[in-house]
Amino acid sequence: MACTNCSTSAKDGTPRGCKNNGACGTDSCNKLTVFDWLGNMNLPNGETPFDCVEVRFKNGRKEFYRNTEKLTLSIGDIVATEASPGHDVGIVTLTGELVKIQMKKKGVNHTSSEIAKIYRKASQKDIDIWSAARDKEEPMKVRARELAIALNLEMKLSDIEFQGDGSKAIFYYTANDRVDFRQLIKDFAKEFSTRIEMKQVGFRQEASRLGGIGSCGRELCCSTWLTDFRSVNTSAARYQQLSLNPQKLAGQCGKLKCCLNYELDTYLDALKDFPDFETKLYTEKGDAICQKQDIFKGLMWFAYTDNFANWHVLKIDQVKEIIASNKEKKRVSSLEDYAIEITTEPVADFNNAMGQESLTRFDQPKKKKSKNRNKKRPNPNNNGNNNGNNNSNNKASGERKINKNENKK
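Residues numbered from 1 in each chain as written. Predicted model: local features only at pLDDT ≥ 70, side-chain atom pairs only at ≥ 80, totals over all residues. Heavy atoms only, no water.

**Some details on the packing of helix 2 (residues 124-135) against helix 3 (residues 137-150)**
Helices that pack against each other are described as a pair by the angle of their axes relative to one another and the distance between those axes. Put simply, the rule reads: Note on definitions: angles span 0 to 180 degrees between N-to-C directions of axes, and those axes are lines fitted to C-alpha atoms, for helices only across the stretch in contact. Helix and strand assignments come from DSSP, with helices taken as H or I runs of at least 4 residues and strands as E runs of at least 2, each series counted from the N terminus. Any pair of residues with heavy atoms lying within 4.5 Å of one another is described as a contacting pair. Under the scheme applied here, ten amino acids are nonpolar (Ala, Val, Leu, Ile, Met, Phe, Trp, Tyr, Cys and Pro), four are charged (Asp, Glu, Lys and Arg), and all others, including Gly, are polar.
Contact pair helix 2 / helix 3: the axes reach a minimum separation of 5 Å and the direction vectors enclose 35 degrees. On helix 3, the residues that touch Ala-133, Arg-134 and Asp-135 of helix 2 are Glu-137, Glu-138 and Pro-139. When its residues are assigned to classes, the contact of helix 2 with helix 3 shows two nonpolar, no polar and four charged.

**Here we look at the layout of surface pockets**
Inclusion rule: Of the grid points, spaced at 1 Å and generated over the protein atoms alone, those admitting a 1.4 Å probe that cannot get out make up cavities, while open sets with protein on both sides within 12 Å along at least five of seven lines make up pockets; any residue with an atom within 4 Å of a point is treated as lining. Grid points are joined across faces, edges and corners, and a volume is the space filled by probe spheres set on the points.
In this structure, the second largest pocket occupies an estimated 600 Å³ of space. Residues that form the lining of the second largest pocket fall into these classes: ten nonpolar, eight polar and four charged.

**Observations concerning the sheet that holds strand 5 (residues 118-121)**
Formally: One bridge is not enough; two strands pair if DSSP finds at least two bridges between them.
Ordered in space as 2-1-4-3-5, the five strands form an open sheet in which the pairing is antiparallel. Either end of the sheet is taken by a strand with one partner, and the two such strands are strand 2 (62-66) and strand 5. The mean inter-strand angle of the sheet, taken between neighbouring strand axes irrespective of direction, is 45 degrees. The sheet contact formed by strand 1 (residues 52-56) and strand 4 (residues 87-94) spans three bridges and is antiparallel. Across the sheet, the residue bridging to Val-55 is Val-92, located in strand 4. Most of the contacts of helix 2 go to strand 4, to which it runs at about 100 degrees, and overall it touches strand 3 (78-82), strand 4 and strand 5.

**Considering the pairing of strand 12 (residues 307-315)**
Across six bridges, strand 11 (residues 299-304) lies against strand 12 in antiparallel orientation. Following the sheet pairing, Phe-302 is matched in strand 12 by His-312. What sits between the antiparallel neighbours strand 11 and strand 12 is a turn of two residues.

**What about empty space enclosed by the protein?**
Under the defined criterion, the tally for this structure stands at one cavity of 30 Å³ or more. Reported here for the largest cavity is a volume of approximately 50 Å³. Each residue belonging to the lining of the largest cavity can be placed in one class, and the counts come to four nonpolar, no polar and six charged.

**A word on the state of the cysteines**
Stated precisely, the cut-off is as follows: Our working definition of a disulfide is a cysteine sulfur pair at a distance within 2.5 Å. Only protein chains enter the accessibility calculation, which uses a 1.4 Å probe; a residue whose area is less than 20% of its type maximum is buried, one above 50% is exposed, and one in between is partly exposed.
Counted under the stated rule, the structure contains zero disulfides. Free of any disulfide, Cys-253 has its nearest neighbouring cysteine sulfur in Cys-258, separated by 6.4 Å. Counting only cysteine sulfurs, Cys-221 is the nearest neighbor of Cys-259, a cysteine outside any disulfide, at a range of 6.5 Å. Given the relative accessible area of 40%, Cys-259 is considered partly exposed.

**Topic: the confidence of the model for the protein chain**
Atom-level detail of predicted coordinates should not be read off regions where pLDDT is low. Stated precisely, the cut-off is as follows: A residue's pLDDT is simply how confident the predictor is in it, with values from 0 to 100.
Of all residues in the protein chain, 76% attain a pLDDT of 70 or more, and the chain-wide mean is 80. The low-confidence segment residues 1-10 (pLDDT under 50) makes 24 contacts with residues lying over four places distant or belonging to another chain. Note that pLDDT drops below 50 for residues 19-28; the model gives that stretch 22 contacts with residues more than four away or on any other chain.

**Comments concerning the pattern of salt bridges**
Applied cut-off: For this document, the term salt bridge refers to a Lys or Arg side-chain nitrogen within 4 Å of an Asp or Glu carboxyl oxygen.
This model, assessed by the stated rule, comprises 22 salt bridges. The partner of Lys-58 in a salt bridge is Glu-137, with the nearest N and O atoms 2.5 Å apart. Here Lys-58, found in the loop between strand 1 and strand 2, pairs with Glu-137, found in helix 3; they are 79 residues apart in sequence, far enough to count as distant. You can call Lys-58 buried: its relative accessible area is 11%. Lys-100 is the salt-bridge partner of Glu-97, the closest N and O atoms lying 3.7 Å from each other. Of this pair, Glu-97 and Lys-100 are both found in helix 1 (residues 97-106), three residues apart, which corresponds to roughly one turn of the helix. Owing to a relative accessible area of 34%, Glu-97 belongs among the partly exposed residues under this scheme. Three or more residues joined by partner-sharing salt bridges are found here, namely Lys-58, Arg-61, Asp-88, Arg-134, Glu-137, Asp-159, Glu-161 and Arg-209.

This is the structure:
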């Protein structure tokens, strides 16, 4: 479903790339694309195609429009749609009967008269105006942030979206509290000379619009395929026995990760067979409290209230057996009679079997060689002899110099 600019070249097969990072002309670089699995099927005789289509705008924003002009539309066509005021330009992402299913899923009545309509297929002039308006968004966003900082407003401008005809600009922002931006709108209108609309979005919606890479190494789910944002509680992490570390559980948006809900139902189904975590076991040796659960292996760890350092491992069936006897007001002798021993698996020891050198051999700096290492150290026993030889050599050299001077004369 990528655009033609991102396809491979015919010569060497390498991707050409549109270098627009998901904001190219067709805007279909892995941004909530849809596969029409009914596209190759023909309608029965006498049936008219569904008159509504799905149109996508910048950053995955999708709307439904009615095709009143009976235009022949297919996925990827650029159309001019009704807007207030003027018109907007978008890309058709879905046609046919699947649109009716999507409208039912979104809670939109397809028989309503309030559905906006499609004017025409976009002409070259419409596309040129639309592209010129998109080129102005980035420098305008920088200047808009400077104006917001000058007014000391506690808000963050995340993105700007121009209408297709360039008559209106929508400013998307996030804020924790209510923001009074009446003066800001006046400054924007004076600076940019266009109609201004402010729209507040949540932190999750901001992350989905901007995109990014998550801690898993893949693109964010909210910017690729996730269409609805469900509430995520810390209880989801507790059921999955995850450490309640906000730095690990928080996503790019600063909220709890949406993926915490993906496997929550599986954990809840597995916990149905487990006794309650707060269950107490009563023995003749003392009362025991649950300390840990292993959902995959079906094990529970218990410790006596007077000795929390010593844990005993029990299976679920054994725990249920002790609970059944406690309900009959009977105490078992001790947990040691039911505890099992967990055999530790041997740890793989990767020895240096091939005679390889250590990888840390470059970590330690090399020692500098001393400069006086090659010099011979004097022998303390031969100090007198050395001094005498030196004096005799000096006298001989002096006599030679005198002889030379006499010869010159």
